[in-house]
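A closer look at the structure
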Amino acid sequence: MGVEDYGIDPQVINRISKEIARVYRLGVEIGIVIGGGNIFRGAGLSESGIDRVTGDHMGMLATVMNSLALQNALENQGLRVRVMSAIQIHEVCEDYIRRKAIRHLAKGNVAVFAAGIGNPFFTTDSAASLRAIEINADIVLKATKVDGVYSADPVKDPNAFKYEHLTYDEVIEKKLAVMDTAAVVLCRDRKMPIQIFNMGQDDALMDIVKGANIGTMVTV
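Residues numbered from 1 in each chain as written. Predicted model: local features only at pLDDT ≥ 70, side-chain atom pairs only at ≥ 80, totals over all residues. Heavy atoms only, no water.

1. Concerning the sheet that holds strand 2 (residues 81-85)
How we decide: Paired strands, in this sense, are two strands between which DSSP finds at least two bridges. A run of DSSP states H or I qualifies as a helix once it reaches four residues; a run of E qualifies as a strand once it reaches two. Both are numbered from the N-terminal end.
Strand order in the open sheet formed by four strands is 1-4-2-3, and the pairing between neighbours is parallel. At either margin of the open sheet sits one strand with a lone partner, and together these are strand 1 (31-33) and strand 3 (94-95). Pairing geometry for strand 2 and strand 4 (residues 110-114), over five bridges, is parallel. Following the sheet pairing, Val81 is matched in strand 4 by Val110.

Below you can see the structure in the form of structure tokens.
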């Protein structure tokens, strides 16, 4: 959204695509799960009276819109990109098929996974965890607006401190707003590390790939 109330800020998506392109050129295989909260958020729509399943389906379609925008921005950086959707929209993108996704990555294509997992009541956090496990990723990088996980809201609590490292169980027990519980449990069961970082920080993605200790790491 950038500084807007909703929608897609071209400056933001172009900056993010440049960051991703720099990492891609290191030879890193990249799979991306993108949300749709800048357009529609299923849970929020449900609170306003829209049926939750309907709202979640609208949210999935919003992720497809964002995925197509990101695809365009990445292609402008010279990358080969394939959008793969968990719901069938053949006119604009491919269906998500695990083996095909792995082949895309092996061929040097960036895979953008749209429409969550294709089912209501599951967030894109769960989709990120699931897709990472399915494609045998090394790590889940959770891009947010903050530079890690804090003990409390640092804006409201001056005593809040940032965690450098957490275990999966600590995230669940402390009810920390890292990812939803289902997503954390998925990663815990497969020992998939999660690193939470601020995508608004210049070069953060590149620094993480090079091994910098940025944000908060969640492991066993």
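2. Describing the pairing of strand 10 (residues 216-219)
Under the convention used in this document: Residue exposure (1.4 Å probe, protein chains only): buried if accessible area is under 20% of the type maximum, exposed if over 50%, otherwise partly exposed.
Of the two faces of strand 10, only the one carrying Thr216 and Val218 is buried; Met217 and Thr219 on the other face are not. Of the pairings in the sheet, the one linking strand 8 (residues 165-167) to strand 10 comprises three bridges and is parallel in character. Along strand 10, the bridge assignment pairs Thr167 with Thr219. Here three bridges tie strand 9 (residues 194-198) to strand 10, and the two strands are oriented antiparallel to one another. Paired with Ile196 across the two strands is Thr216, which belongs to strand 10.

3. Re the pattern of salt bridges
To be explicit about the condition: Counted as salt bridges are all cases of a side-chain nitrogen of Lys or Arg within 4 Å of a carboxyl oxygen of Asp or Glu.
The tally for this structure, following the rule as stated, stands at eight salt bridges. With its nearest N and O atoms 2.9 Å apart, the salt bridge here joins Asp56 to Arg52. Here the residue Asp56 and the residue Arg52 both occupy positions in helix 3 (residues 52-76), the gap between them amounting to four residues, near one helical turn. Classification of Arg52 as partly exposed rests on a relative accessible area of 28%. For Arg188, the salt bridge goes to Asp189, with nearest N and O atoms at 3.4 Å. In this structure Arg188 comes out as partly exposed when scored by relative accessible area, which is 31%. Shared partners join several salt bridges into a network, and the residues in it are Arg82, Glu94 and Lys100.

4. Quick notes on helix 5 (residues 124-134)
Inclusion rule: Any pair of residues with heavy atoms lying within 4.5 Å of one another is described as a contacting pair.
Of all 11 residues in helix 5, nine are buried, a share of seventy percent or more. Taken together, the buried positions of helix 5 are occupied by Asp125, Ser126, Ala127, Ala128, Ser129, Arg131, Ala132, Ile133 and Glu134. Those residues of helix 5 hidden inside the fold are in contact with strand 1, helix 4 (98-106), strand 4, strand 5 (140-144) and helix 7 (181-190). Backbone geometry just downstream of helix 5 places Asn136 in the positive-phi region, at approximately 60°.

5. A word on the environment of Glu134
Turning to its location among the elements, Glu134 is positioned in helix 5. Separated by 31 residues in the primary sequence, Glu134 and His165 have C-alpha atoms spaced 25 Å apart. When sequence neighbours within four positions are dropped, the list of residues in contact with Glu134 reads Tyr96, Arg98 and Ile102.

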